[in-house]
Structure formats: structure tokens, C-alpha cells
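The chain contents come next:
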Amino acid sequence: MRSHRKFARNFLGGISGGPVPEGATSTAPSETEHRFRVYRNNVAHGLSRALARHYPVVERLVGPECFAGLAALYIERHPPRTPILTEWGGRFALFLAETETLSDLPYLPDIARIEWARSRAYHAQDAAPLRPEDLRRFAERIGEGLQLYLHPSTQILQLATPAGSIWASQQPDGPRPPAPDQWCAETVLVARRGIAHVITVVITPATGRFLAHLMEGANVAEAHSHAGDGFDLNAAFALLLENALIVGAGHREDQT
Amino acid sequence: MRLPAKPGLGFKPEHYPAIAETKPDLGFFEIHAENYMGAGGMPHAMLERLRQDYAISIHGVGLSIGGPDPLDTDHLDRLSALCARYEPESFSEHLAWASHNGIWMHDLLPLPYTRETLNLICDHIDQLQTHLGRQVLLENPATYLLFEESDIPETAFLAEISARTGYGLLLDVNNVFVSCVNHRSDPRGYLARFPLEKVGEIHLAGHEEEELPSGPLLIDSHGRSVAEPVWALFAETVSKTGPVASLIEWDNDLPDFATLMAEAERAGGILAGASHALAS
């Protein structure tokens, strides 16, 4: 066992740029290093593509070559600590924020936050929406003390840049990106409508506060009181219903 | 439970609409276990739908059976849960390793074949089979390197694992060809020594080729159609084993579904021929 441990340690050292592991050989020993590089390249390529599947817009914005370089650095600093590849890559936004050469793209970490939230929403647990007539019944009976339970995929991102609008501009037939004089902080709702459709919607900061409070367990009246200026309760309900995001309702301790 | 002795395809979500619409005549679909470990959403919805019409093979790529560390028990639990949910006709893993000290490389890495690694792998397999409560198939790898400390041939290594653990074998004919060409040995000799009676499934895939001073280096890329010499080895193998569940793997540079079906139909024709040959 001790020797297999040593073998694995040396092999992984070689994969991350160290020398070809001791004991590795081939029928033409002068070619051993070239052959070892197949493994090194497979690992680097496989992980880099896995990251790109989470972050297609980041890759588009920086270009594939720059992205591969960033991925190599990210792999070195934050290698996968899970056998589930789709769960690796969650620190990419922080990593991008710490990467000084990207400081002229200040919105890039926020784009990565959106894309990670979209991946999580894609895999989130299923939950059937409450039927509108049931919701109405609850609302009439309970009034503003109503507790709402949102779809498990629901995430509210408070971003310091207009990354939601920039993300949208990178989609097929997307709108133009915001002009520099329209730059402002944005609140973005990421969630999944039904089984398949991941949504990314720029919402008002007040709606964002309202939803965030609902998710933390506030009832509708409490969340409403925290939403602040410019909050439109009807518009917030319309957004939730349109995207099938209300999956339960009731009093605080009797969820339906 | 067994996979039908017919051709199957690796399932790609991109092809789901074509599959749902045409209900192709295939024996089974194979999925990578680790792609179906999220809580919900499309991956499970598609797999549940697929399960209604087809036999399913779950193929693990993350357990690191050939690694020095104890198997990850959380991962064993996840594999158990996946098998309990979908009741696949087959579960398979690799003679390879992928992780050490808590870091996963997400690639199938090679190992020396020694008494030490043989005992370790048999222990890991016993643990896996006990955990899943079912027989498992182990796949032969495609390799690019040899190791000085190896003192057991790969075929003998696999045969002894299978004899000791009751494990079945997944024979990847493309991997046999790739490894034998890379190590300048005869794939027919390899197959003659391989315990064919233990084979529960066959894999077929495409590979890339580059030229080194000493000759070709083949890379198991899963990105193109199955090569002619691999088809020939496949036909020779099934003429001895009789029809076996046979998978076309195509994971990169994905073609349209019709191209994959043409590969599966070619495999199906060879399997039908093997069935007639054995009957006559």
C-alpha cells in the first residue's frame, strides 16, 4: 500500500507539471515523457471543458485562449475535491475577482456568479407549483400573514455591476449591452421554471429584497415591509406566478 | 438482471428529442453515473423517461477503484441511491484511478499491475459489490504508458480479479486495440488470453492517431467513428462469445443521432451474424 500511495503521489505531481513519475516507461523509453503528457493534457483539457460548461459567457467574453489559461490557474489553486464534476467550479467568480489582469472587465466575476447560479438552478430539486386557485384560497384565508415557499432553484443575486444586462446581451438575439453611461448595480433573479427552463431576470432592488426576505422565512407582510421604496407587490406576484416559482403556501408552521 | 445482447448507445441529452420522437430500436442506453447526481431537473426527467422504454447501464467514472485511498463512502452511497432509483440492468466501473488525498483528476489514470494493487482492487470491489448488493462489471483501460514495477499481465490481472471477487468484465475492444498498438503487442493475443466467459458488455469507440518515432500512438478520444481494425476485432470476439450487449461510445465532437444509429446498426449486424454462426 505504501508503494502505491507513493506511486499515486508522484503521478499526480507529474500531472500538475512535475517530472514524469518514477517507474513510468514505454517500449521506446525516449518517448515516455511524450506519452505521459497525454495524461497531463487529458486532465487539463477535461477539467477546462468542465469549467467552460458552467461558464460559457465568461469564455465568450475573454476568448477561448484566455479562458484555457484562467482554467489552468484555477485548476492549480482550486482542484476538484469532489467526484461529481458538475459540482466543481463554484469559486470561479471569487478567483476571477482576485485575478488582477482582468481588472478592466469588472463585471466578469458577476457574470460568473450568474452562470454558477444557473448551473445550480438546472440541477436543483423538483417542486410542483401551487395551483393558482389554491394560492388564491390561501391568500383569502390568511391575508398578508401568508407564508410563501419558493421553488428550490430560486436565487437572488445582488450585483455591483450591470452583469444581468451584459449576460442577456451575450445570448442569441439578446439586447445590446448597456452603454457605459447606463452602468448601475443590478439585482438578478435566477431560477428554474418547471423542469427545463432556467430563467435569468433583472429585477428591481425592492423586488429582490422582497424575495430574499420570503426565502429567509418572512411572511408576505414582513417581506413587504422590508422591500422599501418603489415596491410593486402585484408585479412581484406576477413574476412568481409567470415562472411557476410558488410551490407552497400557508401559515408559518403549516406548509402546504 | 442483464443488458439485452443488442447494440446500445451512450446517452447524450442533445439527442433526447430525436430519441423521444423516433424510439430507435436499441437494446439499451448507458449513462455516466456522476452526471446524474444532482437533485432534480432535466437530467433525471430525461433518464426517467428513457428508463420506461429501454434497459439502462450505469457506468461510473469517479470511484477510483484502482487508487490507494479507501473508497469514498459518500460516493458509494450516492451510487447506491442512483441504482435504487433507476434499477439499471448493469453497473460498471474502470480498472483505473482518479483521485488521491481528496483531489479528483476526473480522468482514468493507469496503475502498475502488482500483487499489492491486485489485493487493493479486490478489496475495493468487494466493498463496492457489498454496498450496491449486485454484481458489477470492470472495464479494461486504454493506456499510453507501462510501469517498471508491473509484474502481472493486464489480462491475468483482470482474470484474477474476476475469479476472486465474482466481478464480471466489460471488454472495451477499442481500448484493447489502443493499448496493444501503443505497447507494440498483438491485440489478438490479448483477446486470446482475456477471460471472455466473464464478459457482460462490450464497448466500442473511435480513437485518434499520432505518429511517434517508434510508431503510432493511439489516443482513446471517443470523438469519431469506430476504426476498421476495431470492428474486425469485435466481430472475431463475438463469434466466440455469441451476442453480447455492445455499446457505441461517442462523447466528444458529437455527431447527429443518425450517425450514432448507423454505428449501432453496424454493431447490431455483427451481433446478428454471431448469433447465426453459433446456431449453425
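A brief structural summary. Being a predicted model, the structure only gives us computed values, none of them experimental.

### Points about the interface of chain B and chain A
On the chain A side, the residues contacting the 53 residues of chain B number 44 residues. Surface buried jointly by chain B and chain A totals about 4,200 Å² across both partners, of which 65% is contributed by carbon and sulfur atoms. The largest per-residue losses of area from chain B upon contact with chain A belong to His106(B), Glu116(B) and Leu145(B), which jointly make up 15% of the total buried on that side. Applying the counting rule to chain B against chain A returns one salt bridge. Note that Arg5(A) and Asp69(B) form a salt bridge whose closest N and O atoms lie 2.9 Å from each other. Our enumeration of links across chain B and chain A arrives at 17 residue pairs in polar contact (both at pLDDT 80 or more). Listing elements by their share of the side of chain B that touches chain A, those giving two or more residues are α2 (42-53), α3 (73-86), β5 (97-100), β6 (103-109), α4 (115-132), β8 (146-147), β11 (208-212) and β12 (215-219) of chain B. At seven residues, the largest contribution of residues to the side of chain B that touches chain A is made by β6(B). Tallied by class, residues from the side of chain B that touches chain A come to 27 nonpolar, 16 polar and 10 charged. For strand β1 (residues 24-25) of chain A and β8(B), the ladder comprises two bridges, and the chain directions are antiparallel. By the bridge assignment for β8(B), Ala24(A) is matched with Phe147(B).

### Things to note about the sheet that holds strand β13 (residues 246-249) of chain B
All names here are of chain B. With parallel pairing, eight strands are arranged side by side around a closed barrel as β1-β2-β3-β4-β7-β9-β10-β13. Between one strand axis and the next, the sheet turns through 30° on average, direction left out of account. Sheet topology note: the strand β3 (residues 55-59)/strand β4 (residues 90-94) ladder contains three bridges and is parallel. Bridge assignment links His-59 to a residue of β4, and that residue is Ser-92. Across the sheet, helix α8 (residues 228-241) lies against β9 (168-172), β10 (199-205) and β13, angled at about 165° from β10, the strand it touches most.

### Comments concerning the packing of helix α6 (residues 173-182) of chain B against α8(B)
Residue and element names in this part refer to chain B. The contact between α6 and α8 brings their axes to 9 Å, and the two run at 120°. Compared by their axis directions, α6 and α8 come out oblique. Helix-helix and strand crossings are classified by hand; for α6 and α8 the assignment is right-handed. Residues Val-173, Asn-174 and Phe-177 of α6 lie in contact with α8, whose contacting residues are Pro-229, Val-230, Leu-233 and Phe-234. Of the residues in the contact of α6 with α8, the class split is six nonpolar, one polar and no charged.

What counts and how
- Residues numbered from 1 in each chain as written.
- Chains lettered and ligands numbered in written order.
- Predicted model: local features only at pLDDT ≥ 70, side-chain atom pairs only at ≥ 80, totals over all residues.
- Heavy atoms only, no water.
- Contact = heavy atoms within 4.5 Å.
- Buried area = accessible area lost by both parts, 1.4 Å probe.
- Salt bridge = Lys/Arg side-chain N within 4 Å of Asp/Glu carboxyl O.
- Polar contact = N/O pair within 3.5 Å; in protein donor to acceptor, adjacent residues only side chain to side chain.
- Helix = DSSP H or I, 4+ residues; strand = E, 2+ residues; numbered from the N terminus.
- Nonpolar A, V, L, I, M, F, W, Y, C, P; charged D, E, K, R; others polar.
- Pairing = 2+ DSSP bridges.
- Axes fitted to C-alpha atoms, helices over the stretch in contact; angles between N-to-C directions.
- Parallel < 35°, antiparallel > 145°, perpendicular 65-115°, else oblique.
- Left-handed = near helix turned anticlockwise from the far one by under 90°.

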